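Listed here are the chains, written in short residue letters.
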Amino acid sequence: MVVGLSACGSKFKTYYGPEVTHVVVKKTERKMYLLHHNSVLEAYDFDLGFAPAGHKYEEGDGRTPEGTYLIDRRNPNSKFHLSIGISYPNAFDRYQARERGKKPGGDIFIHGQPNGFKGRKGPDWTAGCIAVTNKEIEWIYAMVRDGTPISIYP
């Protein structure tokens, strides 16, 4: 259990613990780790896109990108419970897509369940995002700051 958490029934939690310095996602294991340097603060199970194997190469392929990106935005008014953005596509992703005459896609997020949905949709139902439960995204949203590196592994 993470120390230094505070909440009063709101989806917006407050986190007072150690800084999350890196997010590590292992797609095959379906595990996401929030790290403070080399120490795991939290671990989460998740669902992926409808075609989870391999790196995202183009818009609509249902894949989740692989590589190192940044958490670059947050959306408190998402069509999902909450969401935090991943900086896909980077320059290399755009180059690869352009070389194949495709668009790289975008709008890759870590998010909760669709608004109004009760339960958990899984497995592998997103368009390429990383989906956790609503309670989990509330804490992830509170703990992970914009600019935090995220490494996504096969």
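In the block above lies the structure referred to throughout.
Quick caveat, the model's predicted, so the values are computed rather than measured. Along each chain, residue indices are assigned from 1 in the same order as the chain's sequence is written. With the structure being a predicted model, the display of local features is reserved for residues of pLDDT at least 70 and the display and counting of side-chain atom pairs for 80 or more, all residues being used for whole-chain, interface and lining totals. Remark: hydrogens and water are excluded; side-chain values derive from all non-hydrogen atoms of the structure.

Draft legend 1. Representation of the overall build of the protein within the structure. Put simply, DSSP marks the helices as runs of H or I at least four residues long and the strands as runs of E at least two long, and each gets a number from the N terminus on. The helix and strand inventory of the protein stands at two helices and 10 strands. Counting from the amino terminus, helix and strand elements in the protein follow one another as β-β-β-β-β-β-β-α-β-β-α-β. C-alpha extents for the protein along the principal axes are approximately 50 × 35 × 25 Å. Counting all 154 residues of the protein, 44% fall into the buried class. At a minimum sequence separation of 6, the contacts of the protein that also span at least 24 residues come to 57%. Areas reported here follow the Shrake-Rupley algorithm with a probe of radius 1.4 Å; residue values treat only the protein chains shown as occluding. Only carbon and sulfur atoms are counted for the fraction: they give 53% of the accessible area of the protein, which is about 7800 Å². Relative accessibility decides the category of a residue: with a 1.4 Å probe and only protein chains considered, values under 20% of the type maximum give buried, values over 50% give exposed, and everything between is partly exposed. Only heavy atoms matter for contacts: two residues are in contact if any of them lie within 4.5 Å across the pair.

Draft legend 2. Inspection of the layout of surface pockets at higher detail. Buriedness for pockets is judged along seven lines, at least five of which must meet protein on both sides within 12 Å for an open set on the 1 Å grid over protein atoms alone, while cavities are sets there where a 1.4 Å probe fits but cannot get out, and lining residues have an atom within 4 Å of a point. Grid points are joined across faces, edges and corners, and a volume is the space filled by probe spheres set on the points. Taken as a whole, the largest pocket spans an internal volume of roughly 270 Å³. As for the largest pocket, its lining consists of 18 residues, of which G106, D107, F109, A127 and C129 are closest to the centre.

Draft legend 3. Structural detail: the sheet that holds strand β10 (residues 149-153). Any two strands are treated as partners once DSSP identifies two or more bridges connecting them. Here eight strands make up an open sheet; going across it, the order is β5-β4-β3-β10-β6-β7-β8-β9 and the pairing mixed. Sheet topology places β5 (39-45) and β9 (130-131) at the edges, where each strand pairs with a single neighbour. Direction of pairing for strand β3 (residues 22-26) relative to β10: parallel, over a ladder of four bridges. Each residue of the ladder has a partner; that of V25, found in β10, is I152.

Draft legend 4. Fine view of helix α1 (residues 91-99). For the purposes of these results, a polar contact is taken to be a pair of N or O atoms within 3.5 Å, where, inside protein, one atom must be able to donate a hydrogen and its partner to accept one; residues adjacent in sequence count only when each atom of the pair is a side-chain atom. Here α1 starts with a cap whose side-chain oxygen sits 3.0 Å from the backbone nitrogen of F92, and that cap is N90. Note on α1: the residue one or two positions beyond its end, G101, has a positive phi of about 75 degrees.

Draft legend 5. The arrangement of helix α2 (residues 134-143) in detail. Of all 10 residues in α2, seven are buried, a share of seventy percent or more. Listed as buried for α2 are E136, I137, E138, I140, Y141, A142 and M143. Against the buried residues of α2 lie β2 (14-15), β4 (31-36), β5, β6 (67-75), β7 (83-86) and β8 (108-111).

Draft legend 6. Structural context of the environment of D146. Mapped onto the fold, D146 is located in the loop between α2 and β10. Since its relative accessible area comes to 43%, D146 is described here as partly exposed. Sequence-wise, D146 and D72 are 74 residues apart; in three dimensions their C-alpha atoms are separated by 5.1 Å. Ignoring any residue separated from it by four or fewer positions in sequence, one finds D146 in contact with I71, D72, R73 and R74. Polar contacts involving the side chain of D146 include one to the side chain of R74, which spans 3.2 Å.

Draft legend 7. How the structure looks around unusual backbone geometry. That bond from Y88 to P89 is cis: its omega, 0 degrees, falls within 30 degrees of zero. Residue position: P89 is located in the loop between β7 and α1. A positive phi is found at R30, a non-glycine position, where the angle reads about 55 degrees. Relative to the helices and strands, R30 is located in the loop between β3 and β4. Even without glycine at this site, H37 takes up a positive phi of about 55 degrees. Note on placement: H37 falls in the loop between β4 and β5.

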